[in-house]
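# Tertiary structure, described
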Amino acid sequence: MSKYNVAVVGASGAVGEELFRILEEMDFPVANLLPLASARSAGEMIEFKGKSYRIEELTETVFEGREIDIAFFSAGGNISAHYAKFAVESGAVVIDNTSHFRMDENVPLVVPEVNPQDIALWQESGIIANPNCSTIQMVHLLKPLHDLYPIKRVDVSTYQAVSGAGKKGMEELVKQMQAFFNFKLQDEQAQAFAHQIALNVIPHIDKPQPNGYTKEEMKMTNETKKIMHVDFPVSATCVRVPVLRSHSEAITITFEEGVDVDVERAREALANFENVKVVDDLENNEYPMPLIASDTDYTYVGRIRKDVYADNMLHLWGVADQVRVGAATNAVRIAFKWIAMEENE
């Protein structure tokens with residue numbers, strides 16, 4: 001495999017840091033590395049494969065003459081909206097981890113295990129969009145089941161870790177828990193979230209929408225349809241929980257009328273799907289949890305059961321590390337698929 005010049009925009013952020021870890025763990029074929037961030041972080045050092053790299057300031061001209069092949073963007077939608085075009089104009093493919101380009105009809109939205117063929121559409125815009133973290137882990141589970149039985153409707157409730165709000169979310173939970181044990185929790189102000197997150201759950205992630213849902217919830221609806229090329233309804237309720245890392249989801253899947261779900265066939269389809277692990281032994285207290293999913297690259301699924309009242313309904317519980325599976329790992333997997341397509345042309 002050839003080696004590639006790689007840029008990482010948002011190098012000092014939580015996803016950026018994870019990208020460096022995963023690129024190294026997966027032995028990504030990096031020739032030269034260009035870490036980029038805001039002026040505030042410029043000058044800081046990062047370590048990659050035993051070498052030190054200085055973070056440079058992201059500017060409109062920073063890509064010129066650098067011959068960057070792949071540029072990972074994970075610094076926020078406004079940054080991608082402004083700077084991605086400069087990376088594309090310099091000749092790079094942009095793999096964008098923000099929500100800015102996801103629903104652009106000219107930009108493929110990709111989960112490599114589900115719709116790898118869409119990567120080929122990257123040339124229309126020079127950009128490949130990385131989906132929402134909660135969407136990624138959900139479609140890992142929906143795809144093999146939809147191939148087994150046609151899905152009619154999906155209802156999902158998420159239990160999302162504070163790291164979904166970045167470093168500030170994790171810091172806020174830790175500080176509030178420390179304050180609780182020091183009997184000073186009332187002195188801690190909520191900043192990353194609308195309310196205190198320690199010892200609490202908040203059924204509100206992202207901006208309210210006119211239909212009563214939140215933007216996060218509508219992302220799951222709209223992105224699932226684009227990724228899977230389907231039009232079945234998806235209804236989500238997204239909840240922030242006081243967990244540091246890894247999102248959990250309770251998913252109810254309604255299949256087409258006349259389907260009589262065979263749970264063992266469903267379990268087998270999930271177990272055989274790429275990067276999915278079944279952990280489903282309730283009697284022995286074995287099921288997916290954030291503690292087993294964190295720092296891994298798998299989507300875990302368990303509590304797989306047929307509905308008590310409807311033969312065409314299945315309930316399950318899925319957990320994945322949203323910083324890795326739901327962001328950085330998916331982006332690197334996209335890059336590997338992109339390389340394979342380019343080298344096979």
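Higher on the page you've got the structure.
Residues numbered from 1 in each chain as written. Predicted model: local features only at pLDDT ≥ 70, side-chain atom pairs only at ≥ 80, totals over all residues. Heavy atoms only, no water.

What follows concerns the side chain of Ser134. Within the element layout of this structure, Ser134 appears in helix H3 (residues 133-148). A polar side-chain atom of Ser134 sits 3.2 Å from a polar atom in the side chain of Gln160. Beyond its immediate chain neighbours, meaning those up to four positions away, Ser134 contacts Thr158, Gln160, Glu216, Met220, His247 and Glu249. (Helix = DSSP H or I, 4+ residues; strand = E, 2+ residues; numbered from the N terminus. Polar contact = N/O pair within 3.5 Å; in protein donor to acceptor, adjacent residues only side chain to side chain. Contact = heavy atoms within 4.5 Å.)

Another point: the pattern of salt bridges. On inspection of all chains with the given rule, the structure shows 24 salt bridges. Salt-bridge contacts for Arg21 lead to Glu18; the nearest nitrogen and oxygen are separated by 2.9 Å. Highlighted residues: Arg21 and Glu18, both in helix H1 (residues 14-25), separated by three residues, approximately one helical turn. A residue is classified by how much of its surface remains accessible, and Arg21, at 37% relative accessible area, is partly exposed. Since its relative accessible area comes to 5%, Glu18 is described here as buried. Of the charged contacts in the structure, one is a salt bridge between Asp295 and Arg245, with a shortest N-O distance of 3.7 Å. Taken together, the residues Asp295 in the loop between helix H7 (290-293) and strand E13 (299-306) and Arg245 in the loop between strand E10 (234-240) and strand E11 (247-255) connect sequence positions 50 residues apart. Three or more residues are tied together by salt bridges with common partners; here these are Glu18, Arg21, Glu25, Arg245, Asp295, Asp297, Asp321 and Arg324. (Salt bridge = Lys/Arg side-chain N within 4 Å of Asp/Glu carboxyl O. Buried < 20%, exposed > 50% of the residue type's maximum accessible area, 1.4 Å probe, protein only.)

Further remarks concern the packing of aromatic side chains. The description of an aromatic ring pair rests on the distance of the ring centres and on the angle between the ring planes. One pass over the full model with this rule turns up nine aromatic pairs. Measuring from ring centre to ring centre gives 5.4 Å for Tyr149 and Phe255, while their planes differ by 65°; the resulting arrangement is edge-to-face. Highlighted residues: Tyr149 in the loop between H3 and strand E9 (151-160) and Phe255 in strand E11, separated in sequence by 106 residues. Of the two residues examined, Tyr149 and Phe255, each falls in the buried class. Grouping aromatic residues by their ring pairs yields a cluster made of Tyr4, Trp122 and Trp338. (Phe/Tyr/Trp six-rings, centres within 6.5 Å; stacked < 30°, edge-to-face > 60°.)

Now for the pairing of strand E4 (residues 51-54). Inspection of the sheet shows strand E3 (residues 45-48) paired to E4 by four bridges, in the antiparallel sense. Within E4, the residue paired with Phe48 across the bridge is Lys51. Hairpin connection from E3 to E4: two residues lie between these consecutive antiparallel strands, with Lys49 at a positive phi of about 50°. (Pairing = 2+ DSSP bridges.)

Let's shift gears to the sheet that holds strand E6 (residues 70-73). Strand pairing in a sheet relies on backbone hydrogen bonds, with the paired strands running either antiparallel or parallel. Taken in spatial order, the six strands line up as E5-E2-E1-E6-E7-E8 in an open sheet, and their pairing is parallel. Since the sheet does not close on itself, it has two edges, and those belong to strand E5 (56-57) and strand E8 (127-129), each with one partner. Pairing between strand E2 (residues 30-37) and E5: two bridges, direction parallel. Bridge pairing links Ala37 to Glu57 in E5. Across the face of the sheet, H1 comes into contact with strand E1 (4-9), E2 and E6 while running at roughly 155° to E1. (Axes fitted to C-alpha atoms, helices over the stretch in contact; angles between N-to-C directions.)

A few words now on the sheet that holds E9. Taken in spatial order, the six strands line up as E10-E9-E11-E14-E13-E12 in an open sheet, and their pairing is mixed. This sheet does not close on itself; its edge strands, each paired only once, are E10 and strand E12 (276-278). Averaged over all adjacent pairs, the angle separating strand axes in this sheet is 20°, with direction ignored. When E12 meets E13, the two strands line up parallel, connected through three bridges. Within E13, the residue paired with Val276 across the bridge is Thr299. Against the sheet, helix H5 (residues 215-228) contacts E9, E10 and E11, and its axis sits at roughly 145° relative to E10.

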